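Remarks on the overall topology
These are the residues of each chain, in order.
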There are 2 protein chains.
Amino acid sequence: MTDETKNPSTRDVLKVALLGCGTVGAQVAHTLLTQHEDLAAKSGCALELVGIAVRDASLPRPGIPDELLTEDPVTLVADSGADIVIELIGGIEPARRLILSAIEHGASVVTANKALLAKHGEEIYTAAEREGVDIYYEAAVAGAIPIVRPLRESLVGDQILAVMGIVNGTTNYILDKMTTEHQDFATALATAQKLGFAEADPTADIEGFDAASKAAILASLAYHSTVRIDDVYREGITGVTSEDITAAELADCVIKLLAVARLDDEGRIEVRVHPVMVPHAHPLAMVSGANNAIFIEAANAGRLMFMGPGAGGSPTASAVTGDLVTVARNRLRGVENPAHSVYQGLQIAPMRQTRTRYHLRFQVADQPGVLAAVAGLLAQHRVSIHSVHQHAERLEDRPDLAVLSMVTHTAREADVMACITELEKTSYVHGQVRFMRVEGV
Amino acid sequence: MTDETKNPSTRDVLKVALLGCGTVGAQVAHTLLTQHEDLAAKSGCALELVGIAVRDASLPRPGIPDELLTEDPVTLVADSGADIVIELIGGIEPARRLILSAIEHGASVVTANKALLAKHGEEIYTAAEREGVDIYYEAAVAGAIPIVRPLRESLVGDQILAVMGIVNGTTNYILDKMTTEHQDFATALATAQKLGFAEADPTADIEGFDAASKAAILASLAYHSTVRIDDVYREGITGVTSEDITAAELADCVIKLLAVARLDDEGRIEVRVHPVMVPHAHPLAMVSGANNAIFIEAANAGRLMFMGPGAGGSPTASAVTGDLVTVARNRLRGVENPAHSVYQGLQIAPMRQTRTRYHLRFQVADQPGVLAAVAGLLAQHRVSIHSVHQHAERLEDRPDLAVLSMVTHTAREADVMACITELEKTSYVHGQVRFMRVEGV
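Every value quoted in this text rests on a predicted model; they were computed, and no experiment measured them.

Brief notes about the overall build of chain A
- Counting its secondary structure elements, chain A contains 15 helices and 17 strands.
- Relative to the compact-globule value of 22 Å for 441 residues, chain A shows a C-alpha radius of gyration of 25 Å, a close match.
- Structurally, chain A occupies a C-alpha span of about 85 × 45 × 30 Å along its principal axes.
- Long-range contacts, defined as pairs at least 24 residues apart, comprise 73% of the intrachain contacts of chain A with a sequence gap of at least 6.

See below:
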């Protein structure tokens, strides 16, 4: 970094380079081009947009001068003298190389790229720390809901016991439709696609990959440790059936896809993404539609929840612009934010050793002694039952069977899985045992 | 400020002085005394507690060494060489003089003192900026719910359209009891006092003074302008009756004491605290018990809400400790946070010119033409009716009267007050017109 960069008194303008000009990028560009005075008042100096890297510079882009556009992001980052590079192209490469190049050239970086941070965060944070530049990424998790600063700063003096987030709007929308309008998964997905809440290829959302990236970032922030997407246990919502939705309602719960990061009894990090039954009384249960929410339980602060729109051009642009102003302020003062800290270096708990509650549902022979047998089998595996419900309705074609559903007390994943395997082998359990984890009790 | 203070390389310890050792102070002291390593890892250097100013140093304080206690806060601030002063004594004086003295001696300040900031914030922020030290006050609004940083940093690139907060746990608890358990105000207050949710002298809470302080701080942060408690229109909840609660339920609303800060059409700040009817569907409606919540509507970020416990020793201590770590980090790097910015310098809108919806309720002669007369009278004052409800139940002693309730479209306060005065003078309106403002529609 040059002396000029470090010396606040010599700067009256900071140069900003933008990589990507999709929905969010175009809005950020528009803000930079039209709200000069407001941004200058907030940042402390003028912010000059020096270039926008796009895939096809010949496309019409209303309100954006042609001379700002380039199809060569590598040169823009290396030669424009940018103080701040905003990366909004997404994906792993070339985003990773461009961000690392920006850092090497002494630029601070603002990004919304959760996939990249969840995979190569450590490399990027380390490079930023080495070069003494900022890396800000509020938009990477839960859109414009401020969550990175609260975890990194406001709650830094507290101990985070658990973070649970609805961090994917698409899956929340689908589950909401399945619950409130009794649509099946395929219909709800088709509705979401039609209304633009799900992409043509919805895999990243419905299989939980997007949520897993965010879970890695949240866990890493909450526990000051390196957590990568590969550390995150992941299940999507494609297996959630209308029967599961009904079973959740009977248990006074709703089904949500949650990203969970929790400190276990041995000081390791549980980090997982999967469908969860959440009691109606829990704040996360009322987060509807494509909204996101982050629920935090801290030793002193207690139970906090932040909610809002989790995606969309405007909210994401708001988060990016907030980061831009913060980074600009830091740059003017010649400092960077405390690096992304991993001083705790906690281990990740294997999924089989995580502990939570479980909702089990299965058909049993309707005869005396069956419930005792089930309870006995569970007890052998140190799984105790919190509540049992025997469904009044009979199965039409099998009047000799009854449907049992039960919620366990907190138990170890491996023990519950062993119970399920054994239950399915008994003579009195008919067919599969459906299970779903329960959180927020 | 000495060169030593400004030079990060020469510091391996920062000195902390604590003013006040009540519930929150004792917990902060305990954290400083027992969590050395964790605080050092988070801050970047050791934090040494050099003294605690208390009213009576002879009282037993378990876990706190006697030699740290002093009854002379003035000398502690002036002579201890403290880098950071934490003010938790509350009230205006001597807190104001001590904070100003700390700033003059080059110390950064962490405080939870909303009353002081709402009254003398400008003087304190100006002094801090002049001396190049930090002033942090996350605990002053909504306990441990991070709201100061989100407004000051995360959303700084956005335009805040409105902030609405449940910022007083005592009144939320009382209104919740009145709603869910049909207690009258006096009974609910007595319950709150018995359970420690209200103080023996509850005036500051139930008359809205505490909420008004927080409204001033929130408005000031959201609109980068100086807003003092005297600028805040204030009504408490002592006038809320069981009949109001029932009327709210009929309108599918709940009554909350809200702190509202909003940008009006002329670019002025509306800032007010009063009971409000909030529709059940609004996120603020579900904030129960003594919880707090801040709802923010921003041009780009959309509708965000933060909720959690608004008071109590542990949450407040969490917020204070988070501020302490941030201030310590800044000090080590030789910088201070961007000063509390008032660059927008917006005007405050007079209460009579604020605009919102109104719920009106009154008895009328049950005869043809009365509704037309009411609507005509309102229309003359540019107040239009959104919905009307004529209550089916008759008044036992006056079978000739009916009860009308109605919700207006957005109207000007002065116009609605004029309508009420005129309605009460007509021959067909019997007795008083009850009104309550409606928000969140």
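Thoughts on the sheet that holds strand β1 (residues 13-19) of chain B
Residues and elements named next belong to chain B.
- The six strands lie next to each other as β3-β2-β1-β4-β5-β6, forming an open sheet whose pairing is parallel. Among the strands making up the open sheet, the edge pair consists of β3 (69-70) and β6 (135-136).
- Pairing analysis gives two bridges linking strand β5 (residues 108-111) to β6, with the strands arranged parallel. By the bridge assignment, Val109 is partnered in β6 with Ile135.
- With respect to the sheet, helix α5 (residues 95-104) is in contact with β1, β4 (84-87) and β5, its orientation differing from that of β5 by roughly 150°.

Things to note about the relation of the copies chain A and chain B
- Laying chain A over chain B is done by rotating through 180° and shifting 0.0 Å along the axis; what remains is an RMSD of 0.0 Å. The symmetry that links the two subunits is that of a two-fold axis. Among all residues of chain A, the one whose C-alpha sits closest to the rotation axis is Phe306 of chain A, at a distance of 2.2 Å.
- Most of the interface of chain A is mirrored in chain B, where 100% of its interface residues are also at the interface.

Let's talk about the UniProt feature "active site" (unreviewed entry) in chain A
All names here are of chain A.
- On the UniProt side, "active site" (unreviewed entry) is annotated at positions that read Lys214 here.
- A relative accessible area of 6% means that Lys214 is categorised as buried.
- Ignoring any residue separated from it by four or fewer positions in sequence, one finds Lys214 in contact with Lys114, Ala140, Val141 and Val167.
- From its side chain, Lys214 meets the backbone oxygen of Val167 in a polar contact 2.8 Å long.

Thoughts on the domain arrangement of chain A
Residue and element names in this part refer to chain A.
- On domain assignment, one finds that chain A holds domain 1 (13-143 + 314-333), domain 2 (147-309) and domain 3 (354-438).
- Centre-to-centre separation of domain 2 and domain 3, based on C-alpha positions: 26 Å.
- Facing the 18 residues of domain 2 at the interface are eleven residues of domain 3.
- Between the two partners, domain 2 and domain 3, sit three salt bridges.
- One salt bridge in this structure joins Arg434 and Asp244, with 2.4 Å as the shortest N-O distance.
- For the interface between domain 2 and domain 3, the tally reads seven residue pairs in polar contact (both at pLDDT 80 or more).
- Partitioned by chemical class, the residues of the side of domain 2 that touches domain 3 number nine nonpolar, three polar and six charged.

Here we look at helix α6 (residues 114-131) of chain A
Residues and elements named next belong to chain A.
- In this model α6 runs just 22 Å from its N-terminal to its C-terminal C-alpha over 18 residues, more than 12% under the 26 Å that 1.5 Å per residue would give.
- Of all bends in α6, the biggest is about 85°, found at His120.
- When α6 is considered as a whole, its buried residues turn out to be Leu116, Leu117, Ala118, Gly121, Ile124, Tyr125, Ala127 and Ala128.
- If you follow the buried residues of α6, they end up packed against α5 (95-104), β5 (108-111), β6 (135-136) and α11 (209-223).
- Positioned one or two residues after α6, Gly132 has a phi angle of 70°, which is positive.

Thoughts on the UniProt feature "binding site: NADP(+)" (unreviewed entry) in chain A
All names here are of chain A.
- Following the UniProt record, one finds the feature "binding site: NADP(+)" (unreviewed entry) at Leu19, Gly20, Cys21, Gly22, Thr23, Val24, Gly25 and Ala26.
- Assignment of secondary structure puts Val24 in helix α2 (residues 23-34).
- Filtering out sequence-adjacent residues up to four positions away, Val24 remains in contact with Leu88, Gly313, Thr316, Ala317 and Val320.
- Relative to the elements of secondary structure, Gly25 occurs in helix α2.

Overview of the nonpolar core
- By size, the foremost hydrophobic cluster in this structure holds 164 residues, and its most contacted members are Ile294 of chain A together with Ile294 of chain B.
- Excluding anything up to four places from it in sequence, Ile294 of chain A contacts Val141, Ala142, Ile147, Val163, Met164, Gly165, Val167, Leu218, Leu304, Met305 and Phe306 of chain A.

Re the interface of chain A and chain B
- In this assembly, 45 residues from chain A lie in contact with 45 residues from chain B.
- With both chains or domains summed, chain A and chain B bury close to 3,700 Å², and 58% of this area falls on carbon and sulfur atoms.
- Between Arg149 of chain B and Glu153 of chain A there is a salt bridge; the shortest N-O distance is 3.3 Å.
- The set of elements that each furnish at least two residues to the side of chain A that touches chain B consists of α3 (36-43), α7 (148-154), β12 (302-309) and α13 (313-332) of chain A.
- Tallied by class, residues from the side of chain A that touches chain B come to 20 nonpolar, 14 polar and eleven charged.
- Of the pairings in the sheet, the one linking β12 of chain A to strand β12 (residues 302-309) of chain B comprises three bridges and is antiparallel in character.

What about the pairing of strand β13 (residues 355-365) of chain B?
All names here are of chain B.
- A large share of β13 lies buried, amounting to nine of its eleven residues.
- With two bridges connecting them, β13 and strand β16 (residues 411-412) associate as antiparallel partners. Residue pairing in the sheet places Arg355 in a bridge with Arg412 of β16.
- Two strands pair when backbone bridges link them, and β13 and strand β17 (residues 429-438) are joined in this way by seven bridges, in the antiparallel orientation. Following the sheet pairing, Arg357 is matched in β17 by Val438.

Section: the sheet that holds strand β1 (residues 13-19) of chain A
Residues and elements named next belong to chain A.
- Sheet architecture is open: six strands sit in the order β3-β2-β1-β4-β5-β6, paired in parallel fashion. Looking at strand neighbours, the two that pair on one side only are β3 (69-70) and β6, the edges of this open sheet.
- Across two bridges, strand β2 (residues 46-53) lies against β3 in parallel orientation. In the sheet register, Ile52 faces β3, and the bridge partner there is Leu69.
- Those strands touched by α5 are β1, β4 (84-87) and β5, and its axis lies near 150° from that of β5.

Observations concerning the pattern of salt bridges
Residues and elements named next belong to chain B.
- Counting across every chain of the model gives 50 salt bridges over all chains.
- With a shortest N-O distance of 2.8 Å, Glu122 and Arg228 are connected by a salt bridge. Of this pair, Glu122 sits in helix α6 (residues 114-131) while Arg228 sits in the loop between α11 (209-223) and β8 (233-234), and the two are 106 residues apart along the sequence.
- Residue class for Glu122 comes out partly exposed when judged on its relative accessible area of 39%.
- Owing to a relative accessible area of 36%, Arg228 belongs among the partly exposed residues under this scheme.
- With a closest N to O distance of 2.9 Å, Arg272 and Glu439 form a salt bridge. Here Glu439 lies in the segment after β17 and Arg272 lies in strand β10 (residues 269-279), a separation of 167 residues in the sequence.

Reading the values: rules and limits
- Residues numbered from 1 in each chain as written.
- Chains lettered and ligands numbered in written order.
- Predicted model: local features only at pLDDT ≥ 70, side-chain atom pairs only at ≥ 80, totals over all residues.
- Heavy atoms only, no water.
- Helix = DSSP H or I, 4+ residues; strand = E, 2+ residues; numbered from the N terminus.
- Rg over C-alpha atoms; globule rule 2.2 N^0.38 Å.
- Contact = heavy atoms within 4.5 Å.
- Pairing = 2+ DSSP bridges.
- Axes fitted to C-alpha atoms, helices over the stretch in contact; angles between N-to-C directions.
- Least-squares fit on C-alpha atoms with pLDDT ≥ 70 in both.
- UniProt positions renumbered as here; feature names shortened; annotations may be inferred.
- Buried < 20%, exposed > 50% of the residue type's maximum accessible area, 1.4 Å probe, protein only.
- Polar contact = N/O pair within 3.5 Å; in protein donor to acceptor, adjacent residues only side chain to side chain.
- Domains from an automatic or database assignment.
- Salt bridge = Lys/Arg side-chain N within 4 Å of Asp/Glu carboxyl O.
- Nonpolar A, V, L, I, M, F, W, Y, C, P; charged D, E, K, R; others polar.
- Expected span 1.5 Å × (residues − 1).
- Bend = angle between axes of the 7 residues up to and from the residue.
- Core = buried A, V, L, I, M, F, W, Y, C linked by side-chain atoms within 4.5 Å.
- Buried area = accessible area lost by both parts, 1.4 Å probe.

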